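Structural overview for review
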Amino acid sequence: MIINLMKQNKVQFKRIYGASSTIANIVRFDSRYVTKDDVFVCIQGDNHDGHAFIEDSIAKGAAIIVGTDEDLLKSYYRQYEDRTFLVVEDARLAMAQMAVLLSDEAWKKLVTVAVTGTNGKTTVAAYVRSLLNQLKLQTTSIGTCGILTSKEKLDFFKSTPTTPESADLHTLFKQLESEGEKAVVMEATSIALDQKRTAAMTFDVAIHTNLSPEHLEFHQTMDNYRRAKLKLFKQAASAVVNIDDEGMANDILAMYQGKLLTYSLRKNSGADLIAGNLITDTEGIHFELYTAEKMYTIHAPIFGEYNVANLLSAVGTALHLGYDMDDITEALKTIESPEGRFELIDTYGNRKIILDYAHTPVALDQLLTAVNAIPHKRLIVMIMGIGIRDFGKMPKMAQTVEGRADEIIVSVDHPGFHDPKDIIQAVCKGFSEQVRNVSSAETREEAVRLALELSNEGDIVLLTSGQINGAQLVRGEAVPHSDHAIIHAFFESHNTEKIQSTVS
């Protein structure tokens, strides 16, 4: 049945061994989860080739096996003539196409929005979700913070930290559509775009935030990185573009043929949406929002100029979807930020603890500017080297924070198979010899505690970078981790100590 559907939809494949009328339930790429009558697609992972698991998938009941190694698939067909073997040129593309068909093209029944950029994807996705839900469009967000429907956080296993593999993505779309969701906003990473996880569909809106060096351990060059992100704009009906970005905005404007809205923080930029006269107070930011027709006075519970830019991209998205500007600006008063993105905790004495995912030099620079605008006595900043990312950016994190904090703690996120000491050393190479206010800790948990110990009333504690799905990735294992739990336990312990000291 699925093979006939592929033929009807002009999906390309090289050869079929077996019946073309085979019925299939769902697409799988991990043989551990295969059940009876599933499709198993042999994709090349970071450490394994799916072709090595054909036998396992057959034993578990796979009805169709898809791969690129024709000789191997042909040999398996001789042993299992009751199964269908499909030879394709591109396994990832075939997986996306088959996932679309087996989900009954659920994506077409949803409003779809995708966000790409080095920084800001998670925040923009949260703003779009919050805004559209306030405008009465039931919207789910998919990304680093998990899957949040219009009602709740969904317990859905994501195959990757940010953008799910296509097989999981379309299963999720079908589930969301059946549960009454009307729209989805998702983070589209450069790796996901390169690996065709979002192939075989067209987005209603594609959003561009910015481009700076990142994921070079995967893409190798900035040109490859840029090309991967540009793929999104070849599969979108409309686009929202940050024309202040020097990394990629002009490339999008030169190639994009659909409906376009631009945004900017520069008054003379000529953008469709411009924010000016920004003023920060303890409740957020006031600014003026200029369109071609009118100026709007906005107050939003967000911090940092960069988040005003992120907010403009959400406004542009709502405009593309046909919403009225007066309704949009009213909703901005109660816009919701994502967990761990300039997340302010002020319940532990007269100090402010800020959690923010900033994990690139550009993001850290913007964050430090925003934080230093808030009145405080001392600023304690924790920065990270990320073991599963590009080592080349680690010294730049140190260079970015030097001279802008009273205390600096250097630690490690997701060491992977690296020695934490090596990661810390890589970060610290970026400091000048004059620096004296730097401490280090080999785990994030130790670093959070150290930052809190160094703080006093009136200080700001800034904890940067962060968790992937509530865990630290250590030697192939996901070790549970929560900054919130560590912070709570720290102050609970200190309160107990004070009580005991008073009693004694």
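Counting from 1, residues in each chain are numbered in the order their sequence is written. The predicted nature of this model means local features are confined to residues of pLDDT at least 70 and side-chain atom pairs, given and counted, to a pLDDT of 80 or more, with totals for whole chains, interfaces and linings taken over all residues. Computation of side-chain values: all heavy atoms of the structure, hydrogens and water removed.

This part covers the pattern of salt bridges. Any carboxyl oxygen of Asp or Glu that lies within 4 Å of a side-chain nitrogen of Lys or Arg is treated as forming a salt bridge with it. Enumeration according to the criterion identifies 23 salt bridges in this entry. We note a salt bridge from lysine 108 to glutamate 105, for which the minimum N-O separation is 3.2 Å. The partner of arginine 226 in a salt bridge is aspartate 223, with the nearest N and O atoms 3.0 Å apart. Placement of the pair is arginine 226 and aspartate 223 together in helix H9 (residues 222-230), with a separation of three residues, close to one helical turn. Relative accessible area serves as the criterion here: at 45%, aspartate 223 is assigned to the partly exposed category. Among the charged side chains, a network of salt bridges with common partners joins Arg92, Glu165 and Arg197. Labels follow the DSSP assignment, with helices taken as runs of H or I lasting at least four residues and strands as runs of E lasting at least two, numbered in each case from the N terminus. Accessible area is worked out with a 1.4 Å probe on protein chains only. A residue is then buried under 20% of its type maximum, exposed over 50%, and partly exposed in between.

Here a pair means two rings of Phe, Tyr or Trp (six-membered ring of Trp) with centres within 6.5 Å. Their orientation is stacked below 30 degrees between planes, edge-to-face above 60, and tilted elsewhere. Considering all chains together, one arrives at seven aromatic pairs under this definition. Consider the rings of tyrosine 348 and phenylalanine 491, whose centres lie 4.6 Å apart with planes at 10 degrees: the pair is stacked. Of this pair, tyrosine 348 sits in the loop between strand E16 (343-345) and strand E17 (352-356) while phenylalanine 491 sits in helix H17 (residues 483-503), placing them 143 residues apart in sequence. Of the aromatic side chains, those joined through ring pairs into one cluster are Tyr17, Tyr77 and Phe85.

A separate point is the sheet that holds strand E2 (residues 27-28). Strands belonging to one sheet form pairs held by backbone hydrogen bonds; the direction of such a pair is parallel or antiparallel. Taken in spatial order, the five strands of this open sheet run E1-E5-E4-E3-E2, and their pairing is mixed. On the outer flanks of this sheet lie strand E1 (15-17) and E2, each paired with one strand and no other. One bridge is not enough; two strands pair if DSSP finds at least two bridges between them.

A few words now on the packing of helix H13 (residues 361-372) against helix H14 (residues 394-401). Look at H13 against H14: their axes get within 9 Å of each other, and the N-to-C directions meet at 15 degrees. Relative to H14, the element H13 is oriented roughly parallel. For the pair H13 and H14, the crossing hand works out as right-handed. For the pair formed by H13 and H14, the contact residues are Pro361, Leu364, Asp365 and Leu368 on the first element and Lys396, Met397, Thr400 and Val401 on the second. Residue type decides the class: Asp, Glu, Lys and Arg count as charged, Ala, Val, Leu, Ile, Met, Phe, Trp, Tyr, Cys and Pro as nonpolar, and the leftover types, Gly among them, as polar. Partitioning the contact of H13 with H14 into residue classes produces five nonpolar, one polar and two charged. Every axis in this analysis is a line fitted to C-alpha atoms, fitted for helices over the stretch in contact. Angles between the N-to-C directions lie between 0 and 180 degrees. Oblique is the label for any angle not under 35 degrees, not over 145, and not in the 65 to 115 range, which are roughly parallel, roughly antiparallel and roughly perpendicular in turn. Whether a crossing is left-handed or right-handed is set by the direction in which the near helix is turned from the far one by less than a right angle, anticlockwise for left-handed and clockwise for right-handed. We call two residues in contact whenever any of their non-hydrogen atoms come within 4.5 Å of each other.

Take the pairing of E17 next. Judged by how many residues are buried, E17 sits mostly within the fold: four of five residues are covered. Here three bridges tie E16 to E17, and the two strands are oriented antiparallel to one another. Looking across to E17, one finds that isoleucine 345 is bridged to isoleucine 353. Hairpin connection between E16 and E17: a loop of six residues separates the two successive antiparallel strands, and glycine 349 in this loop has a positive phi of roughly 75 degrees. In terms of strand pairing, E17 meets strand E21 (residues 460-464) through five bridges, oriented parallel. From the neighbouring strand, lysine 352 faces E21, where its bridge partner is isoleucine 460.

Okay, the packing of helix H5 (residues 121-134) against helix H11 (residues 305-320) next. Running from amino to carboxyl end, H5 crosses H11 at an angle of 45 degrees, the nearest separation of the two axes being 9 Å. Our classification of the angle between H5 and H11 gives oblique. Note on packing geometry: the crossing formed by H5 with H11 is right-handed. In this structure, H5 contributes Thr123, Val124, Tyr127, Val128, Leu131 and Leu132 to the contact, and H11 contributes Asn307, Asn310, Leu311, Ser313, Ala314, Val315, Thr317 and Ala318.

A separate point is the pairing of strand E7 (residues 139-143). With five of five residues buried, E7 lies mostly within the body of the structure. The pairing of E7 with strand E9 (residues 183-187) spans four bridges and is parallel. Bridge pairing in E9 places threonine 139 opposite alanine 183. The sheet contact formed by E7 and strand E8 (residues 146-148) spans three bridges and is antiparallel. In the sheet register, isoleucine 142 faces E8, and the bridge partner there is isoleucine 147. Linking E7 back to E8 in an antiparallel pair, the connection comprises two residues.

UniProt positions are given in the numbering used here, feature names are shortened, and annotations may be inferred rather than shown by experiment. Here, UniProt's "domain: Mur ligase C-terminal" (unreviewed entry) annotation points to residues 340-464. Across residues 340-464, the secondary structure splits into 31% helix and 25% strand, with the terminal C-alpha atoms separated by 9 Å.

Okay, the side chain of lysine 229 next. Within the secondary structure, lysine 229 is located in helix H9. Asp and Glu are treated as the negative residues and Lys and Arg as the positive ones, with His and the ends of the chain left uncounted. No salt bridge forms around the buried lysine 229; measuring N to O, its nearest opposite-charge neighbour glutamate 187 is 9.0 Å away. When near neighbours in sequence (up to four residues on either side) are disregarded, lysine 229 contacts Thr116, Gly117, Thr118, Ala188, Thr189, Ser190, Leu193, Leu211 and Met248.

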